[in-house]
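# Residue-level structural notes
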Amino acid sequence: MEFFTMPPRTWFMRQLQRMWFLRPSMAIMVFRMIEERPTHAITVRVSYLEIYNESLFDLLSTLPYVGPSVTPMTIVENPQGVFIKGLSVHLTSQEEDAFSLLFEGETNRIIASHTMNKNSSRSHCIFTIYLEAHSRTLSEEKYITSKINLVDLAGSERLGKSGSEGQVLKEATYINKSLSFLEQAIIALGDQKRDHIPFRQCKLTHALKDSLGGNCNMVLVTNIYGEAAQLEETLSSLRFASRMKLVTTEPAINEKYDAERMVKNLEKELALLKQELAIHDSLTNRTFVTYDPMDEIQIAEINSQVRRYLEGTLDEIDIISLRQIKEVFNQFRVVLSQQEQEVESTLRRKYTLIDRNDFAAISAIQKAGLVDVDGHLVGEPEGQNFGLGVAPFSTKPGKKAKSKKTFKEPLRPDTPPSKPVAFEEFKNEQGSEINRIFKENKSILNERRKRASETTQHINAIKREIDVTKEALNFQKSLREKQGKYENKGLMIIDEEEFLLILKLKDLKKQYRSEYQDLRDLRAEIQYCQHLVDQCRHRLLMGATVGKNLTSGTMSPLSSLRTCRWH
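Residues numbered from 1 in each chain as written. Predicted model: local features only at pLDDT ≥ 70, side-chain atom pairs only at ≥ 80, totals over all residues. Heavy atoms only, no water.

## Some details on the overall build of the protein
As a reminder, the rule being used: Secondary structure elements are taken from DSSP: a helix is a run of H or I of four residues or more, a strand is a run of E of two residues or more, and numbering for both begins at the N terminus. Burial classification: accessible surface area is computed with a 1.4 Å probe over protein chains only, and a residue below 20% of its type maximum counts as buried, one above 50% as exposed, and the rest as partly exposed. Any pair of residues with heavy atoms lying within 4.5 Å of one another is described as a contacting pair. Surface exposure here means Shrake-Rupley accessible area, sampled with a 1.4 Å probe, where a residue is shielded only by the protein chains that are shown.
A tally of helices and strands in the protein yields 15 helices and 16 strands. Out of the 567 residues in the protein, the part that is buried amounts to 31%. By sequence separation, contacts in the protein at least 24 residues apart represent 69% of the contacts at least 6 residues apart. Within the structure as shown, the protein displays about 37,400 Å² of accessible surface, and the carbon and sulfur contribution to it stands at 55%.

Okay, here's the thing in structure tokens:
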């Protein structure tokens, strides 16, 4: 809820603007409403803010238990609204405490005198009452928050009438500027078509952002005076009030949830559910079932059951609760992870792991006689008195080397080569023609891409030259128009320099169109070459997979392949 005291521009109206009766009466009303609601525990807090020369001051900082703030106060926005960081908020339990704080702040306000008012307030003040209502019923989790801003605006001044000078003149400038920004914000709020509201133009509108329109109730108190001499000020105040009436508000109850009460209610509900489960289990002869989290002993027992089940010594695991089912699956995962680590550790102790794609390492260990041509280990003991892999004839004890004919016989002729070796053999033998077409098309593709890049650079250079020529031509045209030479017998008269620029621009545009057409043709060629390169690559991969069937009619790699050539 928002209460404004709108300042008139006369000294008598300024006295009415102080509205001493409004703020105490509002505090009385608040505490009376609290007494009428015994079902709720309502907390009341207050703060008193002063905006002087676009600076924020805490009018209650003079209290002995508050003290001055070390850091300057700032206006901060969050999803809950706008609040002043560094502004002291005071708990009040009765009317007398609120009145005491109100009068304490009033004594700290800055005032000055001029020709129209001996006690002129030189700042805007906002006395805020914060309300928080909790239900006395403990099961109720929701609570309601509210904020009442009582705003006392400093009166705008006509410098010709007030005769302000020096510091008073500076204060009047800030006051008039902030009131002008407030009026702009009110006008923007009243315009339904406006998307942006200028709240941040001054500290006053920024501090009242969540109280001007929107989720609030707003009351404007405008002080006027009926004397003819003050008619202009009265009309100005009434116009401002009429603009304020255009602002639409949609107040809603600010409901929040008490986290502490929610936790207590959930704990109570959980205890009731456990009691219901215990009753249900006792009726179904399941009294041994527990719903508490499992301890380390129970988890170790489930782990032991899982291991015995995997080893075959336990036929089945007795399931008694959903919590146990989840823990059984979890222990299956734990056992599987441990077995994988044990197998990997055993292999690392017995073997040296080599990447299959590391051909240099494989070639080195083949030369050392550690593996055969198929990559199998030679003579590695397994603990059962036999070795892994096939040992060459030269390593068998008691045997001499055979003749050359016997030595050249392959060890494992039926074992296929590895994928990289098979692919290279295919490219050099059955797929040699596809590989040739692939390389040729790829070379043509790279050449077309290079030409397209050069053509693009040339086009950009021509475009820059066109722009320079246009600027020079426009300069010549403007110079000709300033000299007054327009036409002679209906014909436009231009000088030789402008004529040469026109011819140059025409020639550049012709070059630009020609180069651009060449670039479009090159892009079409690049797209076609890319398609042929992808087709050749696909045929190479398919041919390497099919292998020997290429020559038996399984596929015809050259039937649909072409070489991209243009003249």
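## Details of the confidence of the model for the protein
Keep this limit in mind: What pLDDT expresses is the predictor's confidence in each residue, scored from 0 to 100.
Considering every residue of the protein, the mean pLDDT works out to 77; 76% of them sit at 70 or more. Considering only residues more than four positions removed or in separate chains, one finds that residues 1-21, a stretch of pLDDT under 50, has 91 contacts. Within the model, pLDDT remains below 50 along residues 378-413, and this stretch shows 30 contacts once partners closer than five positions in the same chain are excluded.

## What about the environment of Asp 534?
What counts is decided by this rule: In the analysis that follows, any N or O atom pair within 3.5 Å is treated as a polar contact, provided that within protein one partner can donate a hydrogen and the other can accept it, and provided that, for residues neighboring in sequence, both atoms belong to side chains.
Here Asp 534 shows up in helix 15 (residues 496-546). Here Asp 534 falls in the partly exposed class, since its relative accessible area comes to 35%. Sequence separation between Asp 534 and Phe 438 is 96 residues; the distance between their C-alpha atoms is 8.6 Å. At 3.1 Å, the side chain of Asp 534 forms a polar contact with the side chain of Arg 537.

## Quick word on the nonpolar core
Here is the rule: By convention a nonpolar core is built from buried Ala, Val, Leu, Ile, Met, Phe, Trp, Tyr and Cys residues, the set being connected through side-chain atoms within 4.5 Å.
Within the largest apolar cluster, 29 residues are counted, with the highest numbers of intra-cluster contacts made by Leu 49 and Ile 84. Secondary-structure elements contributing two or more residues to this core are strand 2 (40-52), strand 5 (81-85), helix 5 (166-190), helix 6 (203-207) and helix 7 (231-244). The element contributing the most residues to this core is helix 5, with seven residues. Filtering out sequence-adjacent residues up to four positions away, Ile 84 remains in contact with Leu 49, Leu 56, Met 73, Thr 74, Ile 75 and Ala 207. Grouped together as the second largest cluster of nonpolar side chains are 20 residues, Val 46, Leu 60, Leu 102 and Ile 129 included.

## Things to note about the packing of helix 5 against helix 7
Selection criterion: Lines fitted to C-alpha atoms define the axes here, with helix axes fitted over just the stretch in contact, and angles between the N-to-C directions of these axes take values from 0 to 180 degrees. Think of it as three bins: nonpolar holds Ala, Val, Leu, Ile, Met, Phe, Trp, Tyr, Cys and Pro, charged holds Asp, Glu, Lys and Arg, and polar takes everything else, Gly as well.
Running from N to C, helix 5 and helix 7 point in directions that differ by 35 degrees, and their axes come no closer than 9 Å. Two secondary-structure elements touch here, helix 5 through Leu 182, Glu 183, Ile 186 and Ile 187 and helix 7 through Phe 240, Arg 243 and Met 244. Here the residues of the contact of helix 5 with helix 7 sort into five nonpolar, no polar and two charged.

## A few points about the pattern of salt bridges
Note the cut-off: For salt bridges, the criterion is a side-chain nitrogen of Lys or Arg within 4 Å of an Asp or Glu carboxyl oxygen.
If you walk through the whole model with that rule in mind, you get 18 salt bridges. A salt bridge links Asp 467 to Lys 463, with the nearest nitrogen and oxygen atoms 3.0 Å apart. Here Lys 463 and Asp 467 lie together in helix 14 (residues 432-483), a separation of four residues that amounts to about one turn. By relative accessible area, which is 30% here, Asp 467 ends up partly exposed. Residues Asp 534 and Arg 537 are paired through a salt bridge, measuring 3.1 Å at the closest nitrogen-oxygen approach. Of the two residues, Asp 534 and Arg 537 are both situated in helix 15; the distance of three residues between them amounts to about one turn of the helix.

## What to know about the side chain of Gln 476
With respect to the helices and strands, Gln 476 occurs in helix 14. Side-chain polar atoms of Gln 476 contact the side chain of Glu 497, separated by 3.3 Å. Setting aside residues no more than four positions away along its own chain, Gln 476 makes contact with Asp 495, Glu 497, Glu 498 and Leu 501.

## A few points about unusual backbone geometry
Positive phi outside glycine occurs at Asn 53, with the angle close to 50 degrees. Located in the positive-phi region is Glu 54, a residue other than glycine, with phi close to 60 degrees. Residue placement: Glu 54 occurs in the loop between strand 2 and strand 3 (55-58).

## Quick word on the packing of aromatic side chains
We apply this condition: Working definition: rings of Phe, Tyr and Trp (its six-membered ring) pair if their centres are within 6.5 Å, and the pair is stacked with planes under 30 degrees apart, edge-to-face with planes over 60 apart, and tilted otherwise.
Counted under the stated rule, the structure contains four aromatic pairs. Ring centres of Tyr 52 and Phe 57 lie 6.4 Å apart, and the angle between their planes is 55 degrees; this geometry places the pair in the tilted category. A residue is classified by how much of its surface remains accessible, and Tyr 52, at 13% relative accessible area, is buried. Exposure remark for Phe 57: the relative accessible area of 38% places this residue in the partly exposed category. Centre to centre, the rings of Tyr 512 and Tyr 516 are 6.4 Å apart; their planes meet at 10 degrees, and the pair counts as stacked.

## Re a positive patch on the surface
Our working rule: The patches reported here contain residues having more than 30% relative accessible area and no salt bridge. Joining distances are 9 Å for like charges and 5 Å for nonpolar side chains (Val, Leu, Ile, Met, Phe, Trp, Tyr). Positive charge is attributed to Lys and Arg, negative charge to Asp and Glu, and no charge count is given to His or to the chain ends. To locate a charge, take atom NZ for lysine, CZ for arginine, CG for aspartate or CD for glutamate.
On the surface, Lys 470, Lys 506, Lys 509, Lys 510 and Arg 513 cluster together into a patch of positive charge. The element that contributes the greatest number of residues to the positive patch is helix 15, accounting for four residues. The partly exposed category is assigned to Lys 470, whose relative accessible area is 38%.

## Observations concerning the packing of helix 9 (residues 296-311) against helix 10 (residues 322-350)
Put simply, the test is: Oblique is the label for every angle not falling under 35 degrees (roughly parallel), over 145 degrees (roughly antiparallel), or within 65 to 115 degrees (roughly perpendicular). A clockwise turn of the near helix away from the far one marks a right-handed crossing, whereas an anticlockwise turn of less than a right angle marks a left-handed crossing.
At their nearest, the axes of helix 9 and helix 10 sit 9 Å apart, and the two run at 60 degrees to each other. By the criterion of interaxial angle, the relationship of helix 9 to helix 10 is oblique. The two elements helix 9 and helix 10 cross, and the hand of that crossing is right-handed. Residues Ile 299, Ile 302, Asn 303, Gln 305, Val 306, Arg 307, Tyr 309 and Leu 310 of helix 9 touch helix 10, and the partners they reach there are Gln 324, Glu 327, Val 328, Gln 331, Phe 332, Val 334, Val 335 and Gln 338. Class assignment for the residues of the contact of helix 9 with helix 10 results in nine nonpolar, five polar and two charged.

## A look at helix 10
Stated formally: Here a helix's expected span is defined as the number of its residues, less one, multiplied by 1.5 Å.
Here helix 10 contains 29 residues, and its C-alpha end-to-end distance of 43 Å stays within 8% of the 42 Å for a straight helix at 1.5 Å per residue. Every buried residue of helix 10 is accounted for by Gln 324, Glu 327, Val 328, Gln 331 and Val 335. Buried residues along helix 10 sit in contact with helix 9.

## A closer look at the side chain of Thr 234
Take Thr 234: it is sitting in helix 7. Beyond its immediate stretch of four places on either side in the chain, Thr 234 contacts Ile 224 and Tyr 225.

## Remarks on the environment of Leu 150
Along the chain, the position of Leu 150 falls in strand 10 (residues 142-152). Assessed through its relative accessible area of 3%, Leu 150 is described here as buried. For Leu 150 and Cys 125, which are 25 residues apart along the polypeptide, the C-alpha to C-alpha distance reads 8.2 Å.

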